[in-house]
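Below, each chain spelled out in residue letters.
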Amino acid sequence: MTQHTDYFASIKPIRFEGPDTENPLAFRWYDKDRVIMGKRLEDHLRPAVCYWHSFCWNGFDVFGDGTFNRPWHSLSGQEMADAKLDAAFDFFVKLGVPYFTFHDVDVIAPATTMKEHVENLAVMADKIEAKMAQTGVKLLWGTANLFSNPRYMGGASTNPDPEAFACAAVQVRHAMDLTLRLKGQNYVFWGGREGYDTLLNTQIGRELDQLGRFLALAVDYKHKIGFKGTMLIEPKPHEPTKHQYDRDVSTVYGFLKRYGLENEVKVNVETNHATLAGHSMDHEIATAFALGIFGSVDANRGDPQNGWDTDQFWNDPLEITRTMYHILKNGGFTTGGMNFDAKVRRQSIDAEDLFHGHIGALDALARGVIAAASLIEDGRLDAFAEERYAGWKSELGRWIMNESGLDEIAERALREGVEAKPKSGRQEYLENLLSAAIR
Ligand code: XLS
Ligand code: NI
Ligand code: NI
């Protein structure tokens, strides 16, 4: 394979140098081999760089053209796809992450027909496989882009026309085949256009059935081809559509239950999507664990003053630590990981800006793991919550949960003169423990 670009030539491989380093292109906290709670930091985080924000997006926004001028952006067709692949893998290796993620359309020469799409993807399959073998970088998850092409403007599987569903089936079938071939650990569905812009033209019940059918077909296909990875839905409440069916973790769970898929599909929780849904990230993570569907994380953040998916690199120590606390407490990732579904701002036009973004996020997450582990080892947070619910382990608590009827509880409460005794929730004390853990 010819090397098309040396875009990152001036950047040396990123190394861990410790918190006091003055080198901005070094890790301060992400010492990937450091063992925390019996596991290497890299194995806690399983970090992945995404293809789309860092290598496909050229910096355009609704008001202006691309700003980045990466060399491959001025190429076209297969030449562009090849140059982008070279640059992407150079970046993964220099940053030193074990995983990457991509959509089918991110990697291929642009196609106009479905047939061409499949052919172009086949061309890239060999090339990606070779790059992975050469570099040792692995695939965290694969996915199909079912939202950019105008054929999906009214939805992919939830489209009013079955032809769009069929096109989506072509893409997902081939993206799943490729994910299997590249030994991807998960397969993701983000329902980019699976929602509506107005109810004046939308039959919700029918669209939900179509979405359920599509997912069930994909799950069947997974078993047919022997893909052992995890199927993941990525919840998001709105943007690009006014409303999206996979609104948040709880909504996805209800949907999975309704279509009998709750044991087949888990969630890929994205920080900025949690915020858009009016939740905190730790709420979404804790809910996913409580419902038994935690899978993976898209690590990013919004801007507190903006109401859209700004996909910035995640760097809020308090939120990261609260999130990592729940992840660690529940045993951590299995097939999932931390995918940097994040992009540099459009004025950050240099190659090194891509490194600053990822280095900062890796450091912030590493610091979060360290802080969360210290909270777990310290034990006071957990002990407080355990103690708070201790009553449920008493005879009364067990009797209520397992044996009694409502009338029996009511009669016993009156007979025994039961009264609730409020205790402090100690929120400020607990928040201080959290802050103190971040070093
Ligand atoms: C968009 C989503 C998207 C998915 C993959 O908001 O986050 O990037 O992660 O399709
Ligand atoms: Ni995402
Ligand atoms: Ni997003």
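Notes on the structure in this doc start here. Per chain, the residues get numbers from 1 upward, laid out in the order the sequence is written. Lettering of chains starts at A and numbering of ligands starts at 1, both following the order in which they are written. Where totals are concerned, whole chains, interfaces and linings use all residues; where local detail is concerned, this predicted model gives features only for residues with pLDDT of at least 70, and gives and counts side-chain atom pairs only at 80 or more. Working from all heavy atoms in the structure, the side-chain values ignore hydrogens and water.

**Notes on the nonpolar core**
Consideration 1: Ranked by internal contacts, the top residues of the largest apolar core, which has 121 residues, are Tyr51, Phe92, Leu95, Phe100 and Ile128.
Consideration 2: Looking at this core, the element that brings in the most residues is helix α12 (residues 351-378), giving 15 residues.
Consideration 3: A contact between two residues is defined here by any heavy atoms of the two lying within 4.5 Å. Not counting residues up to four positions away in its chain, the partners in contact with Phe100 are Ala48, Val49, Tyr51, Phe89, Phe92, Ile128, Met132, Val137, Lys138, Leu139, Leu140 and Trp141. Among buried residues, the Ala, Val, Leu, Ile, Met, Phe, Trp, Tyr and Cys ones that are joined through side-chain atoms within 4.5 Å form a nonpolar core. Under the scheme applied here, a residue whose accessible area is under 20% of the maximum for its type counts as buried, over 50% as exposed, and between as partly exposed, the area being computed with a 1.4 Å probe on protein chains only. By definition, any uninterrupted DSSP run of H or I lasting at least four residues is a helix, any uninterrupted run of E lasting at least two residues is a strand, and each is numbered from the N terminus.

**Observations regarding the coordination of the nickel ion (ligand 3)**
Consideration 1: Shown as donors are all N, O and S atoms within 2.8 Å of a metal ion, widened to 3.2 Å for Na, K and Ca; because water is not in the atom set, sites may appear incomplete. Around the nickel ion (ligand 3), the donor atoms from the protein are Glu270 (OE), His273 (NE2) and Asp309 (OD), and they sit 2.1 to 2.3 Å away.
Consideration 2: If you list the donors of the nickel ion (ligand 3) from N- to C-terminus, the spacing comes out as E-x2-H-x35-D.
Consideration 3: Between the nickel ion (ligand 3) and the nickel ion (ligand 2), both coordinated by Glu270, there is a metal-metal distance of 3.9 Å. Of the two residues, Glu270 is situated in strand β10 (residues 265-270) and Asp309 in the loop between β11 (294-298) and α11 (317-329); the sequence distance between them amounts to 39 residues.
Consideration 4: What makes Asp309 buried here is its relative accessible area of 8%.

**Examining the site of ligand 1**
Consideration 1: Nearness of a residue to a molecule or strand requires only that one of the residue's heavy atoms be within 4 Å of it. Taken together, Trp52, His103, Trp141, Phe147, Trp190, Glu234, Lys236, Glu270, His273, Asp298, Asp309 and Asp341 are the residues near ligand 1.
Consideration 2: In this structure, an oxygen atom belonging to ligand 1 sits 2.6 Å away from a side-chain N or O atom of His103.
Consideration 3: Contact distances for ligand 1 include 2.7 Å between an oxygen atom and a side-chain N or O atom of Glu234.
Consideration 4: Taken by itself ligand 1 offers 290 Å² of open surface, and the protein chains cover 94% of this.
Consideration 5: Among the residues making up the shell around ligand 1, the classes are represented as four nonpolar, two polar and six charged. Any pair of nitrogen or oxygen atoms within 3.5 Å is treated as a polar contact; in protein, a donor-acceptor pairing is required on top of that, and neighbouring residues in sequence qualify only through side-chain atoms on both sides. Residue burial considers only the protein chains on display, and all accessible areas are found by Shrake-Rupley using a 1.4 Å probe. Classes in brief: Ala, Val, Leu, Ile, Met, Phe, Trp, Tyr, Cys and Pro nonpolar; Asp, Glu, Lys and Arg charged; the others, Gly included, polar.

**A word on the packing of helix α3 (residues 77-95) against helix α5 (residues 114-135)**
Consideration 1: Here an axis means a line fitted to C-alpha atoms, over the contact stretch when the element is a helix, while the angle between two N-to-C directions is reported on a 0 to 180 degree scale. Across the interface, α3 lies against α5 with an axial gap of 11 Å and an inter-helix angle of 20°. The angle between α3 and α5 places the two elements in the roughly parallel class. Relative to α5, the crossing made by α3 is right-handed. Contacts from Gln78, Ala81, Asp82, Leu85, Asp86, Phe89 and Val93 in α3 reach Val123, Met124, Lys127, Ile128, Lys131, Met132 and Thr135 in α5.
Consideration 2: For the contact of α3 with α5, the per-class residue count stands at eight nonpolar, two polar and four charged. Comment on the angle field: the value is read as roughly parallel under 35 degrees, roughly antiparallel over 145, roughly perpendicular from 65 to 115, and oblique elsewhere. Crossings are classed by handedness, with left-handed meaning an anticlockwise turn of the near helix from the far one by less than a right angle and right-handed meaning a clockwise turn.

**Describing the side chain of Asp298**
Consideration 1: Examined against the element boundaries, Asp298 turns out to sit in strand β11.
Consideration 2: Two residue types count as positive, namely Lys and Arg, and two as negative, namely Asp and Glu; His and chain ends fall outside the count. The term salt bridge refers to a pairing of a side-chain nitrogen on Lys or Arg with a carboxyl oxygen on Asp or Glu at a separation within 4 Å. For the buried residue Asp298, which engages in no salt bridge, the nearest side chain bearing the opposite charge is Lys236, 9.4 Å off.
Consideration 3: There is a polar contact of 3.2 Å between the side chain of Asp298 and the side chain of Asn268.
Consideration 4: For Asp298, the contacting residues outside a window of four places in its chain are Trp141, Glu234, Asn268, Val269, Glu270, Thr271, Asn339 and Asp341.

**Quick word on the side chain of Glu194**
Consideration 1: Inspection of the secondary structure puts Glu194 in the loop between β6 (186-189) and β7 (195-196).
Consideration 2: Of the side chains with opposite charge, Arg193 comes closest to the buried, unpaired Glu194, at an N-O distance of 8.9 Å.
Consideration 3: Here Ala156 takes part through its backbone nitrogen, which lies 3.0 Å from a polar atom of the side chain of Glu194.
Consideration 4: At 2.9 Å, the side chain of Glu194 and the backbone nitrogen of Ser157 are in polar contact.
Consideration 5: Once residues lying within four places of it in the same chain are set aside, the contact partners of Glu194 are Gly155, Ala156, Ser157, Thr158, Leu211, Gln244 and Tyr245.

**Brief notes about the pattern of salt bridges**
Consideration 1: Tallied over the entire structure, the rule returns 20 salt bridges.
Consideration 2: Note that Asp61 and Arg346 form a salt bridge whose closest N and O atoms lie 3.8 Å from each other. Residue Asp61 is found in the loop between α2 (51-56) and α3, and its partner Arg346 is found in the loop between β12 (338-340) and α12; the two are separated by 285 residues along the sequence.
Consideration 3: By relative accessible area, which is 30% here, Asp61 ends up partly exposed.
Consideration 4: The class for Arg346 is partly exposed, based on a relative accessible area of 27%.
Consideration 5: Measuring nitrogen to oxygen at the nearest pair gives 3.2 Å for the salt bridge that ties Asp177 to Arg173. In this pair, Asp177 and Arg173 both sit in helix α6 (residues 162-181), four residues apart, roughly one turn of the helix.
Consideration 6: Its relative accessible area of 25% is what places Asp177 among the partly exposed residues.
Consideration 7: In this structure Arg173 comes out as partly exposed when scored by relative accessible area, which is 43%.
Consideration 8: Within this structure, Asp33, Arg40, Glu42 and Asp43 form a network of salt bridges that share partners.

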